[in-house]
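Structural overview
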Amino acid sequence: MYTEIIDFYKNKNGFYKCVNAIKENKVVVFPTETVYGIGGNALEKEAVLKIFEVKGRAKDNPLIVHICDYDVEKYATNISKDVFKLINNFWPGPLTIILKNKNVVSKETTGGKDTIALRMPDNEIALELIKKSGCPIAAPSANISGRPSGTNAKRCFEDLNGKVEFIINGFDSKIGLESTVISMVDNNPIILRTGYISFEKIKKVIPNVKLYSKINEKILQNEDVMSPGLKYKHYAPKCDMVIINSSKEKILNYLNEIKSIYRNIGILCVDEHLEFYKNFSENLNVINIGKKHNFTEIGRNLFESIRKFDDFNCDFIISECFFQDFSNAVMNRLLRASSYNVITL
Ligand code: TXA
Ligand code: MG
């Protein structure tokens, strides 16, 4: 299959080809403010099965249904006042809400679950695609399962070339981390995946919200979890990666110890430490993730940085520990990218 990249801002005809593709139950890669998504008509089994197939995604891992208005009642039931509070505060935006399923969408979309994940993205292209297609769009992140989520059209092409007909090229994702996922089933608010909208921000709107206890745990395949996504490998670079929760000086000592074992080491660090590591060796692949403590900048660059280490053919990656709170969305993704490999020196 030939994969065409369509520039939304320059090629309106191309965009309408994408709209038609959705109407014909094909899948289309499109930008959102969080990460790019690989979307299809959420109402149609044929389209949804294609998404699972192209991504190589486990069928029990349900998809988020993207909508372009506030009409959650069309797809869900038992909607509490708190749900509307969340919607009023955070939509359109990076918050996915799990509700009781009304079984309007295809059962493949929800992985056969009696709940449904809904989100209204804050991105002009995504909203236009949903509106013009006239259907809700089921979309997981646009990457091969297990790989870092795609935050620009080039990275999506890298993973999905030959597997989808169209990739809509918008800007790089503004946020770069996937949406926060909150379950509001039975009016029992629990955050199942951290994201750009933090626990603290949600707590201001619904004070009884909780953080799911297994959010940062390594889950066994047969374990019962509230969000199937937690069971699977995610965001991984092609080589091993370790998070070192220590000073840059100690990280440098560690580098000295291991440098003969590896051919091509990568290091992910804050802007302020870039020169420090570069002085160590010209051969070291140092990537600057952004300014210290700047959650927005670090979050935006995270997945792209991990993919760059693959471009450099690194055989080992060391990441600094950017935040001490591991339920912070950046640390949560980093933890999973490194297969929970954290050391303190
Ligand atoms: O920002 C995002 O959320 C992006 C963009 C494209 O919107 N999408 C995304 O989708 O990250 P995905 O499929 O990569 O992650 C969706 C997560 C998975 O962990 C899945 O298990 C969980 O949401 N999920 C979906 N439906 C659920 C449900 N009914 N109950 C519990 N968890 C659910
Ligand atoms: Mg994903």
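The model shown is predicted, which means the values in this text are computed figures rather than measured ones. (Residues numbered from 1 in each chain as written. Chains lettered and ligands numbered in written order. Predicted model: local features only at pLDDT ≥ 70, side-chain atom pairs only at ≥ 80, totals over all residues. Heavy atoms only, no water.)

**Some thoughts on the overall build of the protein**
- Counting its regular elements, the protein contains 10 helices and 17 strands.
- In terms of overall dimensions, the protein is globule-like: its C-alpha atoms have a radius of gyration of 20 Å, near the 20 Å expected for 345 residues.
- Principal-axis analysis of the C-alpha atoms gives the protein an extent of 60 × 50 × 35 Å.
- For the protein, buried positions account for 57% of its 345 residues.
- Sequence separation of 24 or more characterises 67% of the internal contacts of the protein that already satisfy a separation of 6 or more.
- Split by element, the accessible area of the protein, about 14800 Å² in all, is 49% carbon and sulfur.
- Side-chain charges of the protein comprise 47 positive and 41 negative groups, with the mean position of each set lying 2 Å from the other. (Helix = DSSP H or I, 4+ residues; strand = E, 2+ residues; numbered from the N terminus. Rg over C-alpha atoms; globule rule 2.2 N^0.38 Å. Buried < 20%, exposed > 50% of the residue type's maximum accessible area, 1.4 Å probe, protein only. Contact = heavy atoms within 4.5 Å. Areas by Shrake-Rupley, 256 points an atom, 1.4 Å probe, with all protein chains shown as cover. Lys, Arg positive; Asp, Glu negative; His and termini not counted. Charge placed at Lys NZ, Arg CZ, Asp CG, Glu CD.)

**Re helix α10 (residues 329-337)**
- With nine of nine residues buried, α10 lies mostly within the body of the structure.
- Within the span of α10, buried status applies to Ala-329, Val-330, Met-331, Asn-332, Arg-333, Leu-334, Leu-335, Arg-336 and Ala-337.
- Residues of α10 that are buried make contact with β11 (190-193), β13 (240-244), β14 (265-269), α9 (295-311), β16 (316-320) and β17 (342-343).
- Where α10 begins, one side-chain oxygen reaches toward the backbone nitrogen of Val-330, 2.8 Å away; that side chain belongs to Asn-328. (Polar contact = N/O pair within 3.5 Å; in protein donor to acceptor, adjacent residues only side chain to side chain.)

**Describing the site of ligand 1**
- Thr-34, Asn-61, His-66, Ser-179 and Gly-229 are the nearest of the 25 residues found near ligand 1.
- One nitrogen or oxygen atom from the side chain of Thr-115 is found 2.9 Å from a nitrogen atom belonging to ligand 1.
- A distance of 2.5 Å is found between an oxygen atom of ligand 1 and a side-chain nitrogen or oxygen belonging to Ser-179.
- Those elements giving two or more residues to the shell around ligand 1 turn out to be β4 (64-66), β7 (115-119) and β11.
- A total of three residues in the shell around ligand 1 trace back to one element, the largest contributor, which is β7.
- Broken down by class, the residue content of the shell around ligand 1 amounts to 11 nonpolar, nine polar and five charged. (Near = heavy atom within 4 Å. Nonpolar A, V, L, I, M, F, W, Y, C, P; charged D, E, K, R; others polar.)

**Side note on the environment of Ala-76**
- Examined against the element boundaries, Ala-76 turns out to sit in strand β5 (residues 76-77).
- Ala-76 sits 27 residues away from Asn-103 along the chain, and the two C-alpha atoms are 7.9 Å apart.
- With residues up to four places along the chain from it excluded, the contact list for Ala-76 reads Leu-99, Lys-100, Lys-102, Ile-116 and Leu-118.

**Examining the nonpolar core**
- Counting residues in hydrophobic clusters, the biggest one holds 44 residues, and the most contacted among them are Leu-86, Ile-97, Leu-118, Ile-182 and Ile-202.
- Among the secondary structure elements, those contributing two or more residues to this core are α2 (45-55), α3 (81-90), β6 (95-101), β7, α5 (153-160) and α6 (199-205).
- Leave out the neighbours within four places in its chain, and Leu-86 touches Trp-91, Leu-95, Ile-97, Ile-182, Met-184, Ile-202, Val-205 and Ile-206.
- Counting 28 residues, the second-largest nonpolar core is a separate cluster that includes Tyr-235, Cys-314, Ile-317 and Phe-322. (Core = buried A, V, L, I, M, F, W, Y, C linked by side-chain atoms within 4.5 Å.)

**What to know about unusual backbone geometry**
- Trp-91 connects to Pro-92 through a cis peptide bond whose omega is -10°.
- Among the secondary structure elements, Pro-92 is positioned in the loop between α3 and β6.
- The phi dihedral of Asn-187 is positive, around 50°, even though this residue is not glycine.
- Looking at the element boundaries, Asn-187 is found in the loop between β10 (180-183) and β11.
- The phi dihedral of Asn-313 falls on the positive side, at around 60°, and the residue is not glycine.
- Tracing the backbone through its elements, the reader meets Asn-313 in the loop between α9 and β16.
- The class for Asn-313 is exposed, based on a relative accessible area of 53%.

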